[in-house]
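If you want the building blocks of each chain, they are given just below.
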Amino acid sequence: MAEHEVPERHASWLELFFDLIIVVAVAQLAHVLHPSPGHPVGLADAGLFIVLYYAVWSVWTSFTLYANVAGERTRRQSMLIAMFGIAVMAAAIPEAAGDRARVFAIAYVACRVLATRTWIRTGTFLGAWPAAQYGAGLIPWIISIWVHAPGRYWLWGFGVAADIVISYLQSRHPEQRLSVLRDEAQRQQARSQLRGRTPRRIALPAVARLNTPHLGERLGLFVIIVLGEAVMQVVVAAGEIGWTPAFSAAALAGFGLLVCLWWLTLEYGAAAVPGFGGLQARITLPAHFAMTAGVAATAAGLGALAEHADGHLATAVRWTLCGGMTAYFLTSAVLGAAARSPLRWLLGWALPAVLVPVLLAVFGGGLAAWWIVVGLLAVAYWQVSYPAVMRRLGRPEES
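Everything in this summary refers to the structure shown in the same document.

The rules behind each value
- Residues numbered from 1 in each chain as written.
- Predicted model: local features only at pLDDT ≥ 70, side-chain atom pairs only at ≥ 80, totals over all residues.
- Heavy atoms only, no water.
- Patch = residues over 30% accessible without salt bridge, like charges linked within 9 Å, V, L, I, M, F, W, Y side chains within 5 Å.
- Areas by Shrake-Rupley, 256 points an atom, 1.4 Å probe, with all protein chains shown as cover.
- Salt bridge = Lys/Arg side-chain N within 4 Å of Asp/Glu carboxyl O.
- Helix = DSSP H or I, 4+ residues; strand = E, 2+ residues; numbered from the N terminus.
- Axes fitted to C-alpha atoms, helices over the stretch in contact; angles between N-to-C directions.
- Parallel < 35°, antiparallel > 145°, perpendicular 65-115°, else oblique.
- Contact = heavy atoms within 4.5 Å.
- Nonpolar A, V, L, I, M, F, W, Y, C, P; charged D, E, K, R; others polar.
- Expected span 1.5 Å × (residues − 1).
- Buried < 20%, exposed > 50% of the residue type's maximum accessible area, 1.4 Å probe, protein only.
- Left-handed = near helix turned anticlockwise from the far one by under 90°.

1. A short note on a nonpolar patch on the surface
Among the surface-exposed residues, W319, L343, L347, L351, L355, V358, L359, V362 and F363 lie close enough to one another that they form a single nonpolar patch of about 880 Å² accessible area. Among the elements that line the nonpolar patch, the one with the most residues is helix α13 (residues 343-363), at 8 residues.

Structure, rendered in structure tokens:
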């Protein structure tokens, strides 16, 4: 993210109210990875979860970045309409692989178009993450409205990939995109003159200035929202069955795991990387998507504990739970490497956190469910305690 001298501010009441709909959406998304009798979770469900999660996350990101730039000039009407649009998407999620897939796609496209129109009113160009303003991957979503499964879902996936890749590439050279936008504005003005119309002054877009501290707070709040969903999954699971010793151990370990993730967010920010000063938005935002998606997947796995705590986790549940933590810690490790963290940190802090969940997913089929959760808790606790261990060894803390 670019460094700018901007007034310090915190999330507004409007932004906090806007976040409430994300609580519901994440709760709905967790059910996509929650197996039910006669419907075990497979790769197709995992792919659908990623696509649906990105759709919700991208709408939230578009309007969060808009409010970040607009500040006190944020349009309440646009934010509230977007909130309603996410509500429609959330309501459609349980049947997004069936009858309500078209509804979900229409609501998503409408929200992204609204984001573009709202951004235009600011007269600025966000080169740090153009996807917030311009839906580079919207065309496949629009086409999917008239396409039946399974082609519809392949189009969604292609749209998500195009959104991320194109925005990442454009953000590397934002001045080129800004030049194109300014040339187009001048051509529009010239065409008006050729048609004999009164020349309409067209404001040339300026570079949007991100409020970095505010954005960091907003990204962190999103992590807390997803963690809150995971806590709810553990509590709901605890209310559904008797509290056997095995389940009690699994639930306690699951809660401890979430506390550790919260601590990492509190201590190091949304990236959960010691000494991470914040890279460009083109790196930070995709990483935020991957890490929060990992936590949401973990929440879905914890929600299935009630059915498996006294025995072995089903393969799909084990992979959901461990895969979510792998995505979280792998993204953190990649960010640390990009920020040139010391090799000692990468080998001693990041690598074990990635390897252990992978090993539990691959070879943990013979372990009781509570052992799997305890193993993940041990990894997260190692992440929390590593700086203190380094201090005891007389080595400087990685911060």
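2. A closer look at the packing of helix α8 (residues 212-240) against helix α10 (residues 281-303)
Running from amino to carboxyl end, α8 crosses α10 at an angle of 10°, the nearest separation of the two axes being 8 Å. In terms of orientation, α8 and α10 fall into the roughly parallel class. Packed against α8, whose contacting residues are L219, F222, V223, V226, L227, E229, A230, Q233, V234 and A237, the element α10 presents T284, L285, H288, T292, V295, A296, A299, L302 and G303 at the interface. Grouping the amino acids of the contact of α8 with α10 by side-chain chemistry returns 13 nonpolar, 5 polar and 1 charged.

3. Description of helix α1 (residues 13-32)
Given 3.6 residues per turn, any residue in an α-helix points the same way as the ones three and four places further on. For α1, built from 20 residues, the straight-helix expectation of 28 Å at 1.5 Å per residue is met to within 8% by its first-to-last C-alpha distance of 31 Å. Every buried residue of α1 is accounted for by L14, E15, F18, D19, I21, I22, A25, V26, A27, L29, A30 and V32. Considering only its buried residues, α1 is in contact with α2 (43-70), α3 (76-92), α8 and α10.

4. Structural notes on the packing of α1 against α8
The N-to-C vectors of α1 and α8 enclose an angle of 40°; their axes lie 9 Å apart at closest approach. In terms of axis orientation, α1 runs oblique to α8. The two elements α1 and α8 meet at a crossing, and its hand is right-handed. Here α1 contributes E15, L16, D19, I22, V23, V26, A27 and A30 to the contact with α8, which in turn contributes H214, R218, L221, F222, I225, V226, E229, M232 and Q233.

5. Considering the pattern of salt bridges
In the structure shown here, the tally under the stated rule is 4 salt bridges. Among the ionic pairs, R218 bridges to D19, the shortest N-O distance being 2.7 Å. Within this pair, whereas R218 is found in helix α8, its partner D19 is found in helix α1, the two being separated by 199 residues in sequence. Assigned by exposure class, R218 and D19 land together as buried.

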